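Tertiary structure, described
For reference, the chains in residue letters:
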Amino acid sequence: MLLRFDHVNCIYDPDASEPVHALTDVSLSVGGGEFVGLIGHTGSGKSTLVQHMNGLLRPTSGTVFADDTDIWSDRYDRKALRARVGLVFQYPEHQLFETDVLADVCFGPRNLGRSREDAERDAKEALSMVGIEEALFSQSPFDLSGGQKRRVAIAGVLAMHPEILILDEPTAGLDPRRREEILSLISELHETQHISIVLVSHSMEDVARYADRILVMDNGKVLYDDPPAAVFARHRELAAIGLRAPEAALLLSELSEAGLSGFDTYAVSAEDTAKEILQAMHSPQGVAADREGAV
Ligand SMILES: Nc1ncnc2c1ncn2[C@@H]1O[C@H](COP(=O)(O)OP(=O)(O)O)[C@@H](O)[C@H]1O
Ligand SMILES: [Mg+2]
């Protein structure tokens, strides 16, 4: 499915003396199997934006379309939309509430009217996708580790079979290892289940490795909507709005400014960056470009 925003504005407390313009003239599309990174510093409007994607918030003006239907038109089934566009909130483990893990993950499918049997089948499947073993199904979600709780919360959304999975800062508060686990889980869901992903983060490094496209938000506006390499090339503009391009992208761009050319890709890991540099150093094209001063 495809979600399309057409000139969407969101103003919180419009009647207050200082209304908050949380989204200003946002037009974009997401879905269609892509992995999109949504980046911006705290308060830039990321959470507000994603809550408009599944109809939890209604635009003050402008339109959100799901496959060309206005999701706020009369009789539009927004409950069904919320199953198709699954939103995992920030710190989703705070929303676990059932007595055991399986019951918690069953909540979404049951709420959609599925039978107990079907809901349990979907829940078990979702729990297995996120790597929670059967031995934990009957435990209280509150007895799990932080990383496990978060995976159970993700399973709760997956059990509804979303076509688009939105994760609002899914690595917040996790140590580097758990962070890595969650990111590779998301990437695996994208690849094996063909779910479109919207990954919200304030860290470039987090989205850099996986995203096909990066949306950069600042002060309620979408500043860039481009492939990662094009976004990182704007590292100076990013720094001005409090975002740091990944270290590797910064290094490659400094080298390129210093006269080494021949980079046609960007790299994120240390290994890939080293390969990229070595390749450029040995590339006749790079040297030729240098000589011609075409850097
Ligand atoms: N429920 C709300 N009521 C009033 N203002 C809000 C509310 N939620 C967010 N805001 C404000 O809207 C702006 C965008 O917030 P948010 O979407 O949470 O940004 P982000 O997720 O990027 O940190 C901020 O100025 C924030 O203070
Ligand atoms: Mg937020």
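Scroll up to find the structure.
So, a few notes on the structure that sits alongside this text. What you are looking at is a predicted structure, and each value in this text was computed from that prediction instead of being measured. Every residue gets a number counted from 1 within its own chain, in the order that chain's sequence is written. Here every chain gets a letter starting at A, and every ligand a number starting at 1, in the order they are written. Restriction of local features to residues with pLDDT of at least 70 applies here, the model being predicted, together with a cutoff of 80 or more for giving and counting side-chain atom pairs; totals for whole chains, interfaces and linings are based on all residues. With hydrogens and water set aside, each side-chain value is computed from the structure's full complement of heavy atoms.

With that settled, the discussion passes to the overall build of the chain. Broken down by element type, the chain carries 12 helices and 10 strands. The globule rule used for comparison is 2.2 Å times the number of residues to the exponent 0.38, while the radius of gyration itself is calculated over C-alpha atoms. Here the chain has a C-alpha radius of gyration of 21 Å; the compact-globule value for 295 residues is 19 Å, and the two agree. Here the C-alpha coordinates of the chain stretch approximately 70 × 50 × 35 Å along the principal axes. Residue exposure (1.4 Å probe, protein chains only): buried if accessible area is under 20% of the type maximum, exposed if over 50%, otherwise partly exposed. Sorting the 295 residues of the chain into buried and exposed places 48% on the buried side. Accessibility throughout is a Shrake-Rupley quantity obtained with a 1.4 Å probe, and a residue counts as covered only by protein chains that appear here. With the model as given, the accessible surface of the chain reaches about 14,400 Å², and the carbon-plus-sulfur share is 48%. Residues scored as charged are limited to Lys and Arg (positive) and Asp and Glu (negative), so that His and the chain ends carry no count. Charge positions are represented by NZ for Lys, CZ for Arg, CG for Asp and CD for Glu. In the chain, which carries 27 positive and 47 negative side-chain charges, the distance between the mean positions of the two groups comes to 4 Å. Strands are runs of DSSP state E lasting at least 2 residues, helices are runs of H or I lasting at least 4, and numbering of each runs from the N terminus.

Attention now goes to the packing of helix α10 (residues 247-257) against helix α11 (residues 270-282). Between two packed helices, the angle of one axis relative to the other and the distance separating the axes together describe the packing. Each axis is a line fitted through C-alpha atoms, taken for helices only over the stretch in contact, and angles between the N-to-C directions span 0 to 180 degrees. Contact geometry of α10 with α11 gives a least axis separation of 10 Å together with a crossing angle of 15°. Classed by the angle they form, the pair α10 and α11 counts as roughly parallel. In this structure, the crossing between α10 and α11 has a hand that is right-handed. Side by side, α10 and α11 meet where Ala 248, Leu 251, Leu 252 and Leu 255 of the first sit next to Thr 273, Glu 276 and Ile 277 of the second. Gly is put with the polar residues, along with every residue not named as nonpolar or charged; the nonpolar set is Ala, Val, Leu, Ile, Met, Phe, Trp, Tyr, Cys and Pro, and the charged set is Asp, Glu, Lys and Arg. Here the residues of the contact of α10 with α11 are counted per class, giving 5 nonpolar, 1 polar and 1 charged. Working rule for angles: under 35 degrees goes down as roughly parallel, over 145 as roughly antiparallel, 65 to 115 as roughly perpendicular, anything else as oblique. Rotating anticlockwise by less than a right angle from the far helix to the near helix defines a left-handed crossing, while the corresponding clockwise rotation defines a right-handed one. We call two residues in contact whenever any of their non-hydrogen atoms come within 4.5 Å of each other.

Counted residue by residue, strand β3 (residues 35-39) has 5 buried out of 5 residues, so it is predominantly covered. Being paired, for any two strands, means DSSP has found at least two bridges between them. Here β3 runs beside strand β8 (residues 196-201); their pairing, made up of 5 bridges, is parallel. Paired with Ile 39 across the bridge in β8 is Ser 201. For β3 and strand β9 (residues 213-218), the ladder comprises 4 bridges, and the chain directions are parallel. When the sheet's bridge partners are listed, Ile 39 is paired in β9 with Val 216.

The criterion for an aromatic pair is that two Phe, Tyr or Trp rings (for Trp, the six-membered ring) have centres within 6.5 Å, with stacked assigned to planes under 30 degrees apart, edge-to-face to planes over 60 apart and tilted to the rest. The tally for this structure, following the rule as stated, stands at 2 aromatic pairs. Geometrically, the ring pair formed by Phe 35 and Tyr 210 is stacked, given 6.0 Å between the ring centres and 25° between the ring planes. Pair noted here: Phe 35 is in strand β3 and Tyr 210 is in the loop between α7 (204-208) and β9, with a separation of 175 residues, a long-range link. Tyr 210 carries the same exposure label as Phe 35, and that label is buried.

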